[in-house]
Amino acid sequence: MIEKEIREKADQALAMAEKYQDRCHSAEEILAELVYLPWWRFGKRKKLRQEFESHYRKFVTVSFNHYLEKQK
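Computed from a prediction, not measured in an experiment: that's the story for all the values here. (Residues numbered from 1 in each chain as written. Predicted model: local features only at pLDDT ≥ 70, side-chain atom pairs only at ≥ 80, totals over all residues. Heavy atoms only, no water.)

## Here we look at the nonpolar core
Judged by nonpolar contacts, A27, I30, L34, L37, L48 and F52 together constitute the single largest core of 6 residues. When residues of this core are traced back to their parent elements, those giving at least two are α1 (2–36) and α2 (42–60). Element by element, the count of residues in this core is highest for α1, at 3 residues. Discounting residues that sit within four places of it in the chain, F52 has contacts with A27, I30 and L31. (Core = buried A, V, L, I, M, F, W, Y, C linked by side-chain atoms within 4.5 Å. Buried < 20%, exposed > 50% of the residue type's maximum accessible area, 1.4 Å probe, protein only. Helix = DSSP H or I, 4+ residues; strand = E, 2+ residues; numbered from the N terminus. Contact = heavy atoms within 4.5 Å.)

Structure representation (structure tokens):
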């Protein structure tokens, strides 16, 4: 029974880590697009910057310790 619980928690942690990595990659893609966008496309740049800030605050700044402490 204990092994089953440990495996479930490990699977949950692995799934969280994979989702976190996917979110980091998508934030990285937004930044890359922002960097290579010409300066005269300032409307698009502003939109991408806002999208990145929203994305970063919502998805990338995650505290795994906070989540794991809630699970106890």
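Don't stop here, the text continues.
## Things to note about the pattern of salt bridges
Within the structure shown, the criterion is met by 2 salt bridges. In this structure, E33 and K44 form a salt bridge, with 3.7 Å as the shortest nitrogen-oxygen distance. With E33 in helix α1 and K44 in helix α2, the pair connects residues that are 11 residues apart, well separated along the chain. A relative accessible area of 30% means that K44 is categorised as partly exposed. (Salt bridge = Lys/Arg side-chain N within 4 Å of Asp/Glu carboxyl O.)

## Regarding the environment of C24
You can see C24 is positioned in helix α1. With 32 residues separating them in the primary sequence, C24 and Y56 have C-alpha atoms 8.3 Å apart.

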